[in-house]
Structure formats: C-alpha cells, structure tokens
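Spelled out from the first residue to the last, the chains are:
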Amino acid sequence: MLESSWPLLSLLIWLPILGGVAVLLLGEQRASQGRMLALVVSGLTFLFSLLLITGFERGTAAMQFVELRPWVEALNVNYHLGVDGISMPLIILTTFSTVLVVIAGWERIAYKPNLYMACFLIMEGIVVGVFSALDVILFYVFWEAVLVPMFLIIGIWGGKERIYATIKFFLYTFVGSVLMLVALVYLQFQAGSFAILDMYGLGLPLATQVWLFIAFLLAFAIKVPMWPVHTWLPDAHVQAPTGGSVILAAIMLKIGGYGFVRFSLPVVPEASLALDWLMITLSLIAVVYIGLVAMMQQDMKKLVAYSSIAHMGFVTLGFFIIFDIVLRTGGSGALLALGGGMVQMISHGFISAAMFLCVGVLYDRMHTRMIRDYGGVGHRMPLFAGFFVLFAMANAGLPGTSGFVGEFMVILAAFQANFWYAFLAGTTLILGAAYSLWMIKRVVYGEVANEKVSALQDIDGREKIVLAALAVAVLWLGIYPAPLIEIMEPSLQQLLDNVIDHGIG
Amino acid sequence: MTTVYLLIVLAPLLGAILAGFFGSRLGRAGAHWVTIIGVGLSCLLSLWVLLGFIRGSLQPFDGAVYTWMLADGIRFEIGFLVDRLTAVMMAVVTFVSLMVHIYTIGYMADEEHNWPADSRLGANAYQRFFAYIALFTFAMLMLVMANNFLQLFFAWEAVGLVSYLLIGFWLNRPTAVFANLKAFLVNRVGDFGFLLGIAAILLYFGSMNYAEVFAAAEASPDLTMSILGGAEWQVATVACILLFIGAMGKSAQVPLHVWLPDSMEGPTPISALIHAATMVTAGIFLVARMSPLFELSEVALSFILVIGAITALFLGLVGVVQHDIKRVVAYSTLSQLGYMVVALGASAYAAGVYHLMTHAFFKALLFLGAGSVIIAMHHKQDMREMGGLKKYMPVTYWSMVVGTLALIGFPAFSGYFSKDGIILAVAEADRAGATFAYVCVLLGVFVTALYSFRLLFLVFHGEERMDHHTREHLHESPLVVTVPLILLAVPSVLIGLLTVTPMLLGDWFGAAMPVAPGNDVLAAVAARYDSAWGLVAHGFVSLPLYLAAAGFLTAWYCYIQRPDLPARLQQQFALPHRILDNKYWFDELYLKVFAGAGRGAGRFFWKVTDAGLIDGILVNGTARTIGRVAATLRRSQTGFLYHYAFVMIIGLVVLLTWFVYTAR
C-alpha cells in the first residue's frame, strides 16, 4: 500500500462537508454569498481531486493515498481510506459533477438556496467517502449517510408527488442496505478484521457465500438499479429537482456498481460464479425490456431515467460475464468486460448528467416535462439543440462519444462469452437510438409547436458553461479513452486474478 | 507520407470546424471558402496520391496514427491503410465532394426562404450546411482510409450521423424529420449486425487490424462456431454475413433499403454526395476491402449475390412508377448499388469498385442535374408538372443526357464498361444463385433504360405542363451550378475508356483486393477482351445494348408518341401497378410489424409488468399488506377487558388440549 504524505482523501471528504455546514451557517438571507462559497468549495475540491490523477502511480493495483487511523479501538474499527484504479475515476466523476450541479443551481433555486447548496456539498463529501473507505464500518456509515441529503433534496425541492417518491426511494434503498450490514458483520467474524481487503479470498463454503451474495445483491441491485428493483428510480427522478437528478444518475447509481466490484466479485467469487446466470439475465432484461419501456415514455425525465437503467445494464453485464469468458477462452476478453463496465459507469455519469441538465433547461423555461408540449425547439434554441442532439447521440452510443466506449467493450466481450449475450446486448444500438432520437425528433425537430415554444430563449452563459464542460468530457472520453483504461487496468487485472483464483480455481 | 494523409483527412475537418463554430462571424462567403479550400486541398492531394500509385512511385502505406486504447492486451488504434483501392476511393470522394461544394453555392443561394421567418436556425443555415458536408468528407475519408475495424466502425457511424443531420436539415418539414429518424434506425439495424461481425472477428482472429485479421483468417479458414443447437458454422461465413448486414444497411440493399428513397427529403446536393456517390457505396467498399475474408466463404458470397440481384432488378422496377424526379434517381441508385453488390457476390470485386467509381460521377451528375431542374421549377419536384424544359435549360439537359447514356450503359460511356463488366463477370460465375443474378442484371438493363428515358422525356420533352408563373421564370441555372455539371460530365464519358484496361481487365488493384484462384471471374473476362475498344465492339453484338434500346423505345413510345398510354396501361395492369406504387409494402410491413411490436412491447412492459406487477402488486402491495396487517392487529386491541379475558381463556383451552393430546 502506498501511504499518503498528507491526507488528500480526507481533505476531499471533509472540505465539502465542512464547506456545506459553513454555507448552511450563513443563513438563508445571504443567498448570493452562499452560492459563491459553494462554488469556491466545490471548485477547490475538484481541483484538489485532480491531484489524485497527477499523483496516481500507474501500473500498480495497490491502494494509494492510504490513510489509516484507529477510530473505535475497542471494536478494531479504523478510519481507513485509500483508492485504486477502480475508485479513483469515480471520485473525479463525483467532484466534477458537483461543480456542475452548483453552477446549474445558480439563481434557479428560490426556496432555501443555501440549504440546497449545502446538501450537495455534504453529499459530495459523503460519496467520496463511500468510494475511498477501506473499512467496512466506515463504508457502511458513508453508504447510509448518502440517503440523508438525497432524501432532503427530493423531499424539499421536489415536485408534486415528492413524498411518495422519497418514501419509496428511502424504503427501497434502506431495506437493501440493512441486509448488507448483517453480511459485513458476519464477514468481520470470519476475517477477524473490518478491512475490506482482508475479506478477499476467505474461501468460505459455497452455501455461506450464496447467502452473502444475496445480501450484497439486494443492496447493490437496488442502487444500480437492476430489474426488477428499479421502479423507485423513475419516480425519484421525476420528482427530484434537476440537480438532484444529476447527482442521482451520475453518482448515486455508481455506488451500486462500485459495490459489485468492491464486494460481490472479490469477497464471494464462488457465489458470483454460481449465480452469474441470474446477474446476466437481469442485465440483459435491463437492456432490452427497459430499453423498450424507455421508448414509450411521454415524460422526458422518465425517459432519461429508464435509459439510465438500460445503460447500467451494461455495467452489471460486463462485471458478470467474466466467468463465462474465462471458462470459454481461458481468460482473454474478461478484462475487456470489466473495463467496459467501469468505462460505462464513468461515461454514464457524464451523459445522464447532461441529459438531465438538458431536460432541466427546458423545464426551467416551460415548466413541463411532457414531450407532447414541445416541438421545433431547435428553431428557437439552436445552441441548446446542438448540445441536446450531441448528448442524445452519446446516449445512443455513437462512436466518438463516451457512450460508445463502454458498450463497445462489453458487446465485444459478451460475444466471447456467448453469441446470444452479444446479440441481446447489441439491440441497444437500435433501442438506444430509438428512444433517444425519437425524443429528439418530437422535441427539437419539427415546426414550432405552440406559443410557449415560440417564446423560448436560447441557453444563457451559465448553462453554456455547464453543458460545454460535459460535452468536452463526453467527446474526450470518446476520442481518447486510453488514459482511463491505463489507470483502471492494473486494479481490474488484480481483481480478475483474485476472482479466477478463488472462484474458478 | 503520414503527414500528407493526415492533411488529406484534417483539411476538410478544419473547414467544417471553422464553418460550423464560427459561421456567423465568417459569413456566407467565408464559410463556403474555408470548406472549399479544405476539401479542394484534400482533393488535390488525393489526386496526387492516386497519380503516385498509377505511376508506381508510391507504395501501399499501413500505419497507426494513435492508440485509441489498449485494453486487455488488444490494441485499438486509429490508423491509415492507403493502397490502390483506397487511393481510388479518396480521389472519387474528394472530387465529387468538391463539385458538390461548389454547386451548393448556387443551390443554397436563397436558403433563407426555406426557413420560417422566426427560426434562429435559419440564420446560419447556409454556413451550417457547408460545415456538414465538409464534416461528411472528413468522415468518409476516415472510412476509406481505415486500417482497422475500430476506425471503420467509427467512420461508418459518423457518416450516418451526418446523413441524419442532413436529411433532417430542413427540420420544419415533417417528412424530412420522419425520414432522418427512419434512416438512422434502419442503418442501426445494419450496424447491429456489423458490430456483431466485428466482435466475431475479434474473438476468432484476435485483432482489430485488417492485415492481422486477414492473415489469421487465411491461416485457419475452416474454423467453426456453434450458435444455436449443435450445428457448426464456418466462422468466416458467420462473420462475413454479419459484416454484410452492416453493408446492407448503409448501401441500402433489400430488405434494409427503405430509408434511401425517403432520404431524398434532404437538400439535393447531399442526395448527390451522400445518398448516391459516396456514403451509400460504403457497403460496397467494405466488402471489397474485406475480400480476403469473403473469399473464404462461398455461402456468404452466394447470399450477397442473391441480395444484390433482387435489389438491382426489383427496386429498379419501382423507379418506373415514381413521379418525383429525385425519387426516380433514388430508385435508380438502389438498383445500381444492387449491380455493385452482385459484382461483389460474383467475386468480381474490381468490377464492383469500378462501377462504384463510374456511378459516383454519372449519378452525382444526374442528381445535380435534377437539382438544377428543381431550382428552375422553384423547388417543385413532380415530373407531371414539368415537360419541355430542354429549350430553357440546354446545359442541364445535355449534361443529363450524358449522365443517362452513362447510366444505361451506352457503349464507350463510362457506365457501359463497368456495367458490362459486371454482367460478363456474373455470366462466368458458377456459385449458387449466379444464374438468378445473371437474369436479374440482364433484365435490369431494360428497366434502367426505361426509367431513365422516362425521366428525360417527362422533364425535358413533350408539352410544358407547369403553371404559368413557373414557366415565366424558367431559366438556365447559374455558373456555379452548371460548371460542376460539366466537370462531372467529362469523367462520365471518358473515365471508362481511360481506365478500363488496367482497372477492370488488367488486375491493377491486385493485392488490394485479392481473389481466390478458383473464383477469379474477371480474369476469365479479361482473357476474352483485352482492350477497351474490344469491349466496345463486343457491346454492339451483345444482348444488353438491345435490351437498353428496347427500354429506350418503350419510354419513347409511352411518353413521346402516345402520352395517353401510361394511364391506360395503369388501368389495364392495376395489380402490378399497385405493387410497384406501394413499393412492395415494405414500409407498411415495417411500421406495422416491427415498429408496432416494439411500441406494443414497450407499452406492455411499462403499464403491465412495471406499473402493474412490480409497483402495483409487489412494491405498493407489500406496503398495503403491511398496512392491512397492522390494521387488523390494531383491531384486536380493542381495549375491552372482556375481549382480552376471552382470548386468554380460549388460548388456555387450546394449549391445555394440545398438552393433553401430545402427552399421551
């Protein structure tokens, strides 16, 4: 493990949390100072997080920037942080998205703006904590803490049905995580430690592993979300304010995917092998079934929410086809699958954020999310239309955008596992284009539909900055994904070796 | 050389970026100049490269530009392969593109009239159009210059994107907006197969690079895989058919052809550039490029042969009943693409590519000519409202006559050599489906002449059927329109005579498109006709010319001599006419069956399984059940002492009974 000379990860966790508290303490009267402070804090956090990239040692799977301090000594619980190639890009995604959300919420939020900003800053710190915690109790604390700011964001600034949505969201995710806690405590007894890395390769009996796998599955599958525990997501998104949707889609869903690679695969590899058919089936259902459901949505936010689920299907598909690939080809292709799943998570972070922001731009002006209320927006908002079409194309997996990279890798790898996996996953080429571009056709294209559309003004400077930043990210990752792969691959390789050694033997 | 190749690719891209992002600052002239300079430079350099290959001073180039990513030990690169095939494609693409750029200045001159007054998009439409076609040129060059499957797929989708943007360019037109979504989706169906083909190649041949894949495929041609049940398939067959499904999408082969006629909703310059000369030929190029792979699979080649033959004849027939001038040319394009595909299926790759080249010139010419007519007609496209235009637009007329003669394969015109080459090659082929294909391409010659001269007669001859207002304003198009017509007419006539000996008969492409020894039908053709004039002489004594003449005479009789005849024939043969008029009901079938099923399934999953089953019964049901159980339990706690006492006594009795019975 590579120790850190100064506690960078702690800084990335506590700077935004304390910053959020400071924004809160300003009081709701001083909104402009509040958002300026929020911008400074999130901007600084993002800049500091870039040190993770510059200081990151390539070519090793070891945990880096490690911090280890006793926390509850009686129980041997530690304040233990560190990142590897799997978690580091997710932290950058978190800090990047938070800056955008702060800018996007600028002056848009009239009710308790400082509380709004504070929620997002605190959320940021907590999520960085989830991705960097190496002690399961610490992990669990952050994991559950995520719910609180998100609960507030939807519950306070949400739409008409926000109470139903928040309760559904909270119960769903809470039920899922309780079982995970039991599993984690059980694992502590087996490993004799709360350190995540000590729980790898314990060689538990298969029956035990299966129970643990199911406990993890509930927690992670609900977060991802996987079919059939996905129904909280469209409701939550529809009710959430734009910023909430962005963070929900860009970051919160990634926590579930991260759980699978950090816990399920390495901790219970044999159970993962035994139940991979289930995971693959659910993932493919997400791609095809949810893709079809997305196509029929009338509400733009619901459409993007469903398309998120379909895209996250590629993440879980990539993670759980590795066993079939290894059994069939002896190993080549499995790393492609894991890498594809990871890239898809990062890419989906950018694209779903961008899509929700685009819908938000329209909603701010028209106060409706219904597709039928639009038409011919391109005539009135040409610049916005350019961005919207770009992101819709990325959503449809067009090469040259980040949306292509992960899907491409997973489909190539899926073919190595089984022709029909690739066949079903490949339908996303058609379905993704159908739901993304059909929406574009009805919203952006066509004649100006009504007076309200006719009165639309194009995006302002603030919106331009946010969308342009995401456009750069989407294109950059699409045109040159090599650096991201280079960062992730050693850690994924180690994960794969670990899983194969203990899972297939 | 890398620098030159990079320059060829990047010059149009730079033009596109400048015109696209700084269009309003550059103004109209600025925008068309930066793109024309970019594409012009690219064209000059491409011609120089082609000349280098002709002279033999240039050797094939195969090298990487940068590593896109290195994942799992597989190298995904952006890189160029430039050989004789690529050089020809580069020259064709950049030349036609340059002509179209110049032509567009005239065609889009009064572009703002196509936009609603309050549309902010209309302001820079002119500049945006130039940015798009320059971007297209970049993407198409990347496609033909790729040395690996990744870049091929990249460019493949990129040209599709630009096609989507350009078909829907006039976004206030519902038909255009319908057409561009349709084009993209149908192409995606093809790309679905294409991507699976790439995945198969990566799995079995272990690389993305053409050269490595071809070497690996030749090393183990008999590799098999199982897809369903126990049947073993040859890997090359599966991979080739999957790749060809991609080609069927882009090159509009039956049954994925439905998007191309609708794509005519886009502005005419792009119909010429994208939907006739270049992008739609990407599928032809793909198969030609992959010839080492396709040569391994007799089954795949037969499949290709039959698909091409069906497209060539049956879609040509639809062209005979169309009234929209652009749609006639569009169906003609479909039919000619079918000819090219037939050539590929017969292993006559050089003939396919050769027809691609000649067709690019004369079909671009025909489209631009049609566009010139449309300008004169104030953007009316129905041929029933035209007639007698010959005297108003002589340059357009004569250049279209040249294009038509090339298209129907009049001896010594460029199209003659390429089409006759295909017919002769198919006659030599002996794989399954060859006889069927031969009959189709032969009959296709009659059909081609019929619809081509029908168009010419309806538009330029006969009585003037347009309204008074339009007739008063009829005039020849400006120079920026007619000069490209003339410049395209020259190669439409001459390119065949100049190049047929080496390219078609002389195995000039050689190693760029290798053919397996037993399959080399073109060598058999070349053995009989050793020169261009030998081929021309043969033309006068062979069937195709007389079939074409019959087509001409039929058209002349029906549209000049007896203009009342077509309507009567239509009544006489109502059923065949209905079949053709409805384009074999492909559109209706797809809309009802595929789109309908997709929407139905989506609605079912959403309303029934998601909202009804999962949310209604499982999620909210659980919540309700908990609520109900709680309510029931609450009811038991009534607060009346005698209730509790009663329950206690009953419980006691039950317990006692149980004890007594179990104790025995």
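Residues numbered from 1 in each chain as written. Chains lettered and ligands numbered in written order. Predicted model: local features only at pLDDT ≥ 70, side-chain atom pairs only at ≥ 80, totals over all residues. Heavy atoms only, no water.

Peer 1: Give me the lowdown on the overall build of chain A, citing residues and values where you can.
Peer 2: Scanning chain A for helices and strands turns up 23 helices and 2 strands. In terms of overall dimensions, chain A is globule-like: its C-alpha atoms have a radius of gyration of 22 Å, near the 23 Å expected for 505 residues. Counting only residues that meet the buried cut, chain A has 68% of its 505 residues in that class. Intrachain contacts of chain A at a sequence separation of at least 6 include 82% that bridge at least 24 residues. Just so you have it, chain A exposes about 15200 Å², and 66% of that area is on carbon and sulfur atoms. (Helix = DSSP H or I, 4+ residues; strand = E, 2+ residues; numbered from the N terminus. Rg over C-alpha atoms; globule rule 2.2 N^0.38 Å. Buried < 20%, exposed > 50% of the residue type's maximum accessible area, 1.4 Å probe, protein only. Contact = heavy atoms within 4.5 Å. Areas by Shrake-Rupley, 256 points an atom, 1.4 Å probe, with all protein chains shown as cover.)

Peer 1: Give me the overall build of chain B: which residues, what numbers.
Peer 2: From N to C terminus, chain B includes 27 helices and 4 strands. Principal-axis analysis of the C-alpha atoms places the extent of chain B at approximately 115 × 65 × 60 Å. Each of the 664 residues in chain B was classed as buried or not, and the buried ones make up 60%. Partitioning the contacts of chain B with sequence separation of at least 6, the portion at a separation of at least 24 is 80%. Here chain B has roughly 25100 Å² of accessible surface; of this, 69% comes from carbon and sulfur atoms. A gap of 11 Å separates the mean positions of the 38 positive and 38 negative side-chain charges of chain B. (Lys, Arg positive; Asp, Glu negative; His and termini not counted. Charge placed at Lys NZ, Arg CZ, Asp CG, Glu CD.)

Peer 1: Lay out the side chain of N395(A) with the relevant residues and their values.
Peer 2: All names here are of chain A. Counting through the fold element by element, N395 comes out in helix 17 (residues 382–395). Side chain to side chain, N395 and S307 meet in a polar contact 3.4 Å long. In this structure N395 touches S307, H311, I351, M355, Y435 and S436, once residues within four positions along its chain are discounted. (Polar contact = N/O pair within 3.5 Å; in protein donor to acceptor, adjacent residues only side chain to side chain.)

Peer 1: Report on unusual backbone geometry, specifying residues and quantitative values.
Peer 2: A cis amide bond, omega -15 degrees, links V224(A) with the succeeding residue P225(A). If you trace the backbone, P225(A) turns up in the loop between helix 8 (206–223) and helix 9 (232–239). At the junction of V254(B) and P255(B), the peptide bond is cis and its omega measures out at 5 degrees in the coordinates. Tracing the backbone through its elements, the reader meets P255(B) in the loop between helix 8 (235–250) and helix 9 (259–262).

Peer 1: I'd like a rundown of the environment of H80(A), residues and numbers included.
Peer 2: As for its position among the elements, H80(A) is in strand 2 (residues 77–83). Placed 67 residues apart in sequence, H80(A) and I13(A) show a C-alpha to C-alpha distance of 13 Å.

Peer 1: For helix 1 (residues 2–21) of chain B, give the residues involved together with the corresponding values.
Peer 2: Residues and elements named next belong to chain B. Spanning 20 residues, helix 1 covers 27 Å between terminal C-alpha atoms, matching the ideal 28 Å at 1.5 Å per step. For helix 1, the principal kink sits at L10 and spans about 30 degrees; a proline, P12, occurs within the next four residues. Those residues of helix 1 not exposed but buried are V4, Y5, I8, V9, A11, P12, L13, G15, A16 and A19. Where helix 1 is buried, its residues contact helix 2 (23–55), strand 1 (61–71), strand 2 (74–82), helix 3 (84–107) and helix 4 (125–145). (Expected span 1.5 Å × (residues − 1). Bend = angle between axes of the 7 residues up to and from the residue.)

Peer 1: Hey, could you go over helix 9 of chain A for me, with residue numbers and the actual values?
Peer 2: Here helix 9 of chain A lies mainly inside the structure; 8 of its 8 residues are buried. Listed in full, the buried residues belonging to helix 9 of chain A are W232(A), L233(A), P234(A), D235(A), A236(A), H237(A), V238(A) and Q239(A).

Peer 1: Any chance you could break down the pairing of strand 2 of chain A for me, citing the residues and the numbers?
Peer 2: Residue and element names in this part refer to chain A. Of all 7 residues making up strand 2, 6 are buried, and the element is well covered by its neighbours. Across 6 bridges, the pairing between strand 1 (residues 64–72) and strand 2 is antiparallel. Looking across to strand 2, one finds that E67 is bridged to L81. Taking the residues that link successive antiparallel strands as the turn, the strand 1-strand 2 hairpin has 4 residues, and the phi of N76 there is positive, at about 65 degrees. (Pairing = 2+ DSSP bridges.)

Peer 1: Break down the packing of aromatic side chains for me, with residues and values.
Peer 2: Tallied over the entire structure, the rule returns 59 aromatic pairs over all chains. When the centroid spacing of 5.5 Å and the interplanar angle of 70 degrees are considered together, the rings of F220(A) and F260(A) count as edge-to-face. One end of the pair, F220(A), is in helix 8; the other, F260(A), is in helix 10 (residues 242–267), and 40 residues separate them in sequence. Accessibility assignment for this pair places F220(A) and F260(A) in one class, buried. Aromatic pair W420(A) and F423(A): ring centres 5.1 Å apart, planes at 65 degrees, arrangement edge-to-face. With W420(A) and F423(A) both in helix 19 (residues 419–426), this residue pair falls 3 residues apart, about one helical turn. The partly exposed category is assigned to W420(A), whose relative accessible area is 32%. Here F423(A) falls in the partly exposed class, since its relative accessible area comes to 29%. Aromatic rings pair up to connect F139(A), W143(A), F213(A), F216(A), F220(A), F260(A), F263(A) and F320(A) into one cluster. Positioned above the aromatic ring of Y126(B), the side-chain terminus of R28(B) is 4.2 Å from the ring centre. (Phe/Tyr/Trp six-rings, centres within 6.5 Å; stacked < 30°, edge-to-face > 60°. Lys NZ or Arg CZ within 6 Å of the ring centre and 35° of its normal.)

Peer 1: Let's hear about the pairing of strand 2 of chain B: which residues, and what values?
Peer 2: Residues and elements named next belong to chain B. Burial analysis of strand 2 places 8 of its 9 residues in the buried class, the great majority of the element. Pairing between strand 1 and strand 2: 9 bridges, direction antiparallel. Counterpart to T67 in the pairing with strand 2 is E77. The turn linking strand 1 back onto strand 2 is made up of 2 residues, and D72 within it adopts a positive phi angle of 55 degrees.

Peer 1: Before we move on, can you summarise the pattern of salt bridges with the specific residues and values?
Peer 2: Side chains that differ in sign of charge can pair as their charged atoms come close. Per the counting criterion, the structure on display carries 21 salt bridges over all chains. When the shortest N-O distance is used, the salt bridge between R462(A) and D460(A) registers 3.9 Å. A relative accessible area of 31% places D460(A) in the partly exposed class. In this structure, the salt-bridge partner of K380(B) is D467(B), at a minimum N-O distance of 3.7 Å. With K380(B) in the loop between helix 15 (349–376) and helix 16 (394–408) and D467(B) in the loop between helix 18 (434–460) and helix 19 (468–472), this residue pair connects regions lying 87 residues apart in the sequence. Taking relative accessible area as the criterion, K380(B) reaches 28% and is therefore assigned partly exposed. On the basis of relative accessible area, D467(B) is assigned to the partly exposed category, the value being 37%. (Salt bridge = Lys/Arg side-chain N within 4 Å of Asp/Glu carboxyl O.)

Peer 1: An account of the confidence of the model for chain B is requested, with residue identities and associated values reported.
Peer 2: Caution applies to low-pLDDT parts of the model: their predicted coordinates are not meant to be read in detail. Scored by pLDDT, chain B comes out at a mean of 89, with 97% of its residues at no less than 70. Interface predicted TM-score (ipTM) for the complex: 0.92; the corresponding pTM is 0.92. (pLDDT = per-residue confidence, 0-100.)

Peer 1: Can you explain the interface of chain A and chain B? Please cite residues and give values.
Peer 2: By a frequent convention, interface size equals the accessible area lost on bringing the separate parts together. Listed per partner, the contact involves 71 residues of chain A and 62 residues of chain B. The largest contributions to the chain A side of the interface with chain B come from H379(A), F415(A) and Y445(A), which together make up 13% of the buried area. Our enumeration of links across chain A and chain B arrives at 0 salt bridges. For the pair chain A and chain B, the number of links is 22 residue pairs in polar contact (both at pLDDT 80 or more). (Buried area = accessible area lost by both parts, 1.4 Å probe.)

Peer 1: Talk me through the nonpolar core; I want residue IDs and the actual numbers.
Peer 2: Y5(B) and F76(B) are the most contacted members of the largest nonpolar core, which has 461 residues in total. It is helix 15 (residues 334–366) of chain A that provides the largest number of residues to this core, a total of 21 residues. Those residues within four positions of Y5(B) in sequence are excluded, and the remaining contacts are V49(B), F53(B), L58(B), F61(B), F80(B), V82(B), M90(B) and M145(B). (Core = buried A, V, L, I, M, F, W, Y, C linked by side-chain atoms within 4.5 Å.)

Peer 1: Break down the packing of helix 18 of chain B against helix 23 (residues 543–561) of chain B for me, with residues and values.
Peer 2: Residue and element names in this part refer to chain B. The contact between helix 18 and helix 23 brings their axes to 7 Å, and the two run at 35 degrees. Crossing of helix 18 against helix 23: the hand is right-handed. For the pair helix 18 and helix 23, contact is made by L442, V445, F446, A449, L450, F453, R454, F457 and L458 and by L543, P544, L547, A548, A550, G551, F552, T554, A555, W556, Y559 and I560, respectively. For the contact of helix 18 with helix 23, the per-class residue count stands at 18 nonpolar, 2 polar and 1 charged. (Axes fitted to C-alpha atoms, helices over the stretch in contact; angles between N-to-C directions. Left-handed = near helix turned anticlockwise from the far one by under 90°. Nonpolar A, V, L, I, M, F, W, Y, C, P; charged D, E, K, R; others polar.)

Peer 1: Which residues make up a nonpolar patch on the surface, and what are the values?
Peer 2: All names here are of chain A. Residues M36, V40, L44, L47 and L50 make up a contiguous nonpolar surface patch of roughly 410 Å² in combined accessible area. Structurally, L47 can be placed in helix 2 (residues 31–54). Owing to a relative accessible area of 52%, L47 belongs among the exposed residues under this scheme. (Patch = residues over 30% accessible without salt bridge, like charges linked within 9 Å, V, L, I, M, F, W, Y side chains within 5 Å.)

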